[in-house]
Amino acid sequence: MSSEFGQHIKVTVFGQSHSDAVGAVIDGLPAGETIDSQKVQEFMNRRAPGKSEYTTRRNEPDEPVVLSGLLDGVTCGAPLCAIIENKDVRSKDYDKIRNIPRPSHSDYPAYIKYKGFTDVRGGGHFSGRLTAPLCFAGAVCKQILERRGVFVGAHIASIGAAEDEPFGPAHISAEELAAVGKKEFPAVSESSAVLMKKEIAAAAEKKDSVGGIVECCAVGLPAGIGEPMFDGLENRLASAIFGIPAVKGVEFGSGFAAAKMRGSENNDPYYFEDGKVKTLTNNHGGIIGEISTGMPLILRAAFKPTPSIGIEQNSVDLAEKVNSTITITGRHDPCIVPRAVPVVEAVTAIVLLDLLTNGGN
Ligand SMILES: Cc1cc2nc3c(=O)[nH]c(=O)nc-3n(C[C@H](O)[C@H](O)[C@H](O)COP(=O)(O)O)c2cc1C
């Protein structure tokens, strides 16, 4: 399995949902960077399960144990490795469905690719649990980025039909990004949050699930970062964000809406402000020609509804080779999106730090 990404800063994610631990190795971090472990924990708590009525009941504290790479809390140049123990596992939930692939989960394609040897418990290596080490790596990269004046934040843009206010694409500030990140339910508008929670509750009541969109922004990114044509900002970010389980679409700036606009609506006119070139609008989302413009970077990631639902579904019995049905028990998020917000931030931060780091300090 290749669960690694990055060029100068390489992140490898390992473990399974029900193995002893999950973890990450971050190679290539600049040496001499102080990492505030309290801030890392606060960031990881935003993703940790069992924190609200809208997430899985699996109760994991998500406390990373750093094995290497830090000396007295400072990066020492060696690969930074951290593990997060899996404490609250209930593997028996999976005994009955071992040979019956869950529709829209990775069970069937993984069964074929790995010849039936995959660990299906809790989704194994395909589980949302693997986003805990991603958040660890992202929390570390975020701290280093902030020291370089780059701030990354995200919010729930929509759940089902309920939409949040979008980030002001041309004027969003680091303070606004930090403020939404502190919320237990990270939506900009409180009234939108109420509607989004109703969407989740309505799906959960029917033992169903619901999808949504995370909007992520980075401010302070200098102009000129990225390489045309295939190794630029959009390429690298999209590739990494598609690695987050359940992501089915990524768009930048006005994204798919641009296809319905005239050039006169979508173009962003330039102007000077305090000697810096800016754009009046930001439909380009901070990236043109795969290179950063210095305007806020705006991307959105679409998450599908959680595949594990409590409603009976058609499937197949791979051992008996007959049609079958499956009713999934166990603990699952009725909506992945609230916990995915820090994950999108984390992956964005890792990619941006990688692009800003040219193989050294
Ligand atoms: C934070 C997070 C939590 C998730 N929780 C669940 C879950 O409780 N149940 C589930 O079936 N899928 C969950 N998923 C999604 C599956 O891991 C994912 O749909 C599956 O691996 C198939 O991959 P794909 O959807 O990217 O094709 C979660 C994903 C994330 C990012």
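Treat the numbers as computed from the prediction; the structure is a model and nothing was measured.

(A) Main features of the state of the cysteines. Per the stated rule, a full pass over the model turns up zero disulfides. Summary of cysteine pairing: Cys217 is not part of a disulfide, and the nearest cysteine sulfur, belonging to Cys216, is at 7.1 Å. Exposure remark for Cys217: the relative accessible area of 0% places this residue in the buried category. Summary of cysteine pairing: Cys335 is not part of a disulfide, and the nearest cysteine sulfur, belonging to Cys135, is at 16 Å. Overall, Cys335 belongs to the buried group, its relative accessible area being 0%.

(B) Quick peek at the site of the ligand. Around the ligand, the surrounding shell holds 17 residues, and the nearest of these are Phe126, Ala246, Lys304, Ser308 and His332. Between an oxygen atom of the ligand and a main-chain N or O atom of Phe126, the distance comes to 2.8 Å. The backbone of Asp333 places a nitrogen or oxygen atom 3.1 Å from an oxygen atom of the ligand. The class makeup of the residues in the shell around the ligand is six nonpolar, seven polar and four charged.

(C) View of the side chain of Thr131. Position of Thr131 relative to the elements: it lies in helix 3 (residues 131–147). By relative accessible area, which is 6% here, Thr131 ends up buried. Separated by 2.9 Å, the side chains of Thr131 and Arg47 make a polar contact. Engagement of the side chain of Thr131 in a polar contact is seen with the backbone oxygen of Gly128, the distance being 2.4 Å. Once residues within four sequence positions are removed from consideration, Thr131 is found in contact with Arg47, Ile244, Pro245 and Val343.

Quick notes on the rules
- Residues numbered from 1 in each chain as written.
- Predicted model: local features only at pLDDT ≥ 70, side-chain atom pairs only at ≥ 80, totals over all residues.
- Heavy atoms only, no water.
- Disulfide = S-S within 2.5 Å.
- Buried < 20%, exposed > 50% of the residue type's maximum accessible area, 1.4 Å probe, protein only.
- Near = heavy atom within 4 Å.
- Polar contact = N/O pair within 3.5 Å; in protein donor to acceptor, adjacent residues only side chain to side chain.
- Nonpolar A, V, L, I, M, F, W, Y, C, P; charged D, E, K, R; others polar.
- Helix = DSSP H or I, 4+ residues; strand = E, 2+ residues; numbered from the N terminus.
- Contact = heavy atoms within 4.5 Å.

Purely geometric stuff here, so don't read any function into it on its own.
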